[in-house]
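Coordinate analysis (summary)
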Amino acid sequence: MSTARAFVTRTLLPEALDIIREVADVTVWPEETPPSVEELRRHCGDADGILTTIMDRVDADLLDAAPRLRAISQLAVGLDNVDVAEATRRGIPVGYTPGVLAKSTADLAMALLLGAARRTSESERWLRGGGWQIQFHPTHWLGQDVHEACLGIVGLGQIGREIAKRAGGFDMDIVYHSRTRYPDAEAEHGLRYAEFPDLLAQADFVVLSVPLTPQTHHLISGPQLAMMKPSAILINVSRGPVVDPAALYEALRDGQIARAALDVTSPEPIAVDDPLLTLDNLVITPHIGSAALPTRLNTMKLAARNLVAGLKGEPM
Amino acid sequence: MIATSPNLKAISVVGVGYDHVHVETCRERGIAVGHTPGILSDTTADMTMALLLATARNIVPAYNHVQVSKQWKYYDPNILWGTDVHHATLGIVGMGRIGHAVAKRARAFDMRVLYYKRERRPDWEEELGVEYVTFENLLEVSDFVTLHVPLTEETTHLIGEAELALMKKTAILVNIARGPVVDHYALYDALKQGQIAGAAVDVTEPEPINTDHPLLSLDNVIVAPHLGSATVQTRMKMATMAMENLLAGLKGEQLPYGVLQPNFPR
């Protein structure tokens, strides 16, 4: 049997590539920019397995161009760029990387939440620009207390639960909303369940950790932002389109909510002339949810092992 | 200043630290001194975690990349890699109320938490799951070192060249205590030479720090303008306590939160 061929759409750490090299000839996309649709089709043409990121659209068209494909491994938890139903219909298993990056993403959610609460990025920029002339001023740069504040978690998957755990260390009053109730998580982390409008009305901090589906598209739009407190802070570590960017811009501009921090935007990257970039009360990070060591290496290794399993016909 | 204020009866500090008040002179003159302990411990611990997480996960460089220099052109999974906070080791130097609150938060991230202080607290070890170590050991093994000591003669330049040399090359230093606890020029050298990976400070020497201070030329340093207690809620509480102290001092009564109680002839 000839050696399998694997196409990897972005550079990985050598340790992870070596795992795939044990069972396949590996072609790695060498550029920093992701492959275009045509380049992706071309490289998948003779591939038995592919390792993808969220930038790669894996749809029926691509699968048509990849007749030998028998394994897809995504370096992420979210799979909204992959037509999983279509792949399954064609008997191609799809792997993803749950668990391993939930903790790091929760760390980032807390970093964004605390940074927004205490205005770290804004005040640093002001300081470096020469703003700090008086040592202590009682009302400069006042932020919001995180301890004992009300946190609303929307979507209680693995990342939502990890966020709940961390918030417990700050004695936060934690309320959550999701399609299903989780009495076990309520007991373990001291959470309260709430209907979505109630969560929005109560929360000092709202964190979004839902997958992107047709139901969660623009889950946060004008009406939802209007339900939130004027002092509230919105954090998005899920997917950009969960939030309506035009509505968010107006809400932040007009003080309907106080601040926001987004690790994901719609589109990604955000256009340099997007009005959101003119706001002082917004922090945007470029989708770095799990960009930390050692987790990034562990995620790459898991995706590599998933691909190897798929190529061998074993469960991912 | 006290010499030129012959009628001064009470000094009410809005804050916990009173190293800027010459307490001996106040004692001699019978001037009451109050401060605002306790209520800013949690807010300061929140800020400690904000700085620790911001440095660990490159929040400020990320914000600059997107919003200041506007360089975000495509999704790149290989930029702005930080350090995992979960399961990392945190070393707390000086564990009073603020250190205790930091330890509690850190444990919720599954951090391994070590501490050093002059008097061991086995009860806190049990309560929080923290481990007592020597100062040197803490510096050698911690991924994050955070300082929560008051400023005294002993703690001035507690962190200097020798201490920075003991730390891991991947370590991050957080200082929310007082600027002079850290030798800033040694810190600059250590960061420049890669002896430690990064630092986040809420306090500097002097304050305010000059914009051409060498530390500000580094991009692996976050500096906050002394915001440890800067929240709406806590400043309100501090103002209220300080006012209660002041009123009591003026009336010659017991200060609710006194460093030196009134010593007026009856």
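You'll find chain B entered in an unreviewed UniProt entry as Glyoxylate reductase, with Geodia barretti given as the organism. The annotation that UniProt attaches to chain B under Sequence similarities (unreviewed entry) is "Belongs to the D-isomer specific 2-hydroxyacid dehydrogenase family."

In the annotation of an unreviewed UniProt entry, the entry for chain A reads Glyoxylate reductase, and the organism field reads Geodia barretti. Per UniProt, chain A has the following entry under Sequence similarities (unreviewed entry): "Belongs to the D-isomer specific 2-hydroxyacid dehydrogenase family."

1. With respect to the packing of aromatic side chains
Across all of its chains, the model carries five aromatic pairs over all chains by this definition. Centroid distance Y115 of chain B to Y132 of chain B: 5.2 Å. Interplanar angle 70 degrees. Geometry classified as edge-to-face. Here Y115 of chain B is found in strand β5 (residues 112–116), whereas its partner Y132 of chain B is found in strand β6 (residues 131–132), with 17 residues between them in sequence. Chaining the aromatic ring pairs together yields one cluster made of Y115, Y116, Y132 and F135 of chain B. Of note, R161 of chain A hangs over the ring of Y182 of chain A, and the distance from its end group to the ring centre comes to 5.0 Å. The ring of W124 of chain B has R121 of chain B sitting right over it, with the charged end atom 4.1 Å from the ring centre.

2. What about the UniProt feature "domain: D-isomer specific 2-hydroxyacid dehydrogenase catalytic" (unreviewed entry) in chain A?
Per the UniProt record, "domain: D-isomer specific 2-hydroxyacid dehydrogenase catalytic" (unreviewed entry) is found at residues 7–315 of chain A. Each end of residues 7–315 of chain A is marked by a C-alpha atom, and these two atoms are 20 Å apart; helix forms 36% of the span and strand 15%.

3. Remarks on the sheet that holds strand β3 (residues 49–52) of chain A
Sheets are built from strands paired through backbone hydrogen bonds, the pairs being either parallel or antiparallel. Residue and element names in this part refer to chain A. Ordered by their spatial adjacency, five strands build an open sheet running β2-β1-β3-β4-β5, and the pairing between neighbours is parallel. Where the open sheet ends on each side, the last strands, each with one partner, are β2 (24–28) and β5 (94–95). Two strands pair when backbone bridges link them, and β3 and strand β4 (residues 71–74) are joined in this way by four bridges, in the parallel orientation. Paired with T52 across the strands is Q74, a residue of β4. Contacting β1 (4–8), β2, β3, β4 and β5, helix α12 (residues 295–312) runs over the sheet at an angle of about 170 degrees to β4.

Calculation rules
Numbers given to residues run from 1 along each chain, matching the order in which its sequence is written. Chain labels run from A onward and ligand labels from 1 onward, assigned in the order the entries are written. Totals for whole chains, interfaces and linings use every residue, but because this is a predicted model, local features are given only for residues with pLDDT of at least 70 and side-chain atom pairs only at 80 or more, for both listing and counting. The basis for every side-chain value is the complete set of non-hydrogen atoms in the structure, without hydrogens or water. UniProt positions are given in the numbering used here, feature names are shortened, and annotations may be inferred rather than shown by experiment. Geometry of aromatic contacts follows a simple scheme: Phe, Tyr and Trp rings, the Trp one being its six-membered ring, pair when their centres are within 6.5 Å, and the pair is stacked under 30 degrees between planes, edge-to-face over 60, tilted otherwise. The helix count covers DSSP runs of H or I at least four residues long, the strand count covers runs of E at least two residues long, and both are numbered beginning at the N terminus. Over a ring means this: the NZ of a Lys or the CZ of an Arg is within 6 Å of the ring centre and within 35 degrees of the ring normal. Each pair of strands is called paired provided DSSP finds at least two bridges between the two strands. Any pair of residues with heavy atoms lying within 4.5 Å of one another is described as a contacting pair. Axes here refer to lines fitted to C-alpha atoms; in helices the fit is confined to the stretch in contact. Angles between the N-to-C directions go from 0 to 180 degrees.

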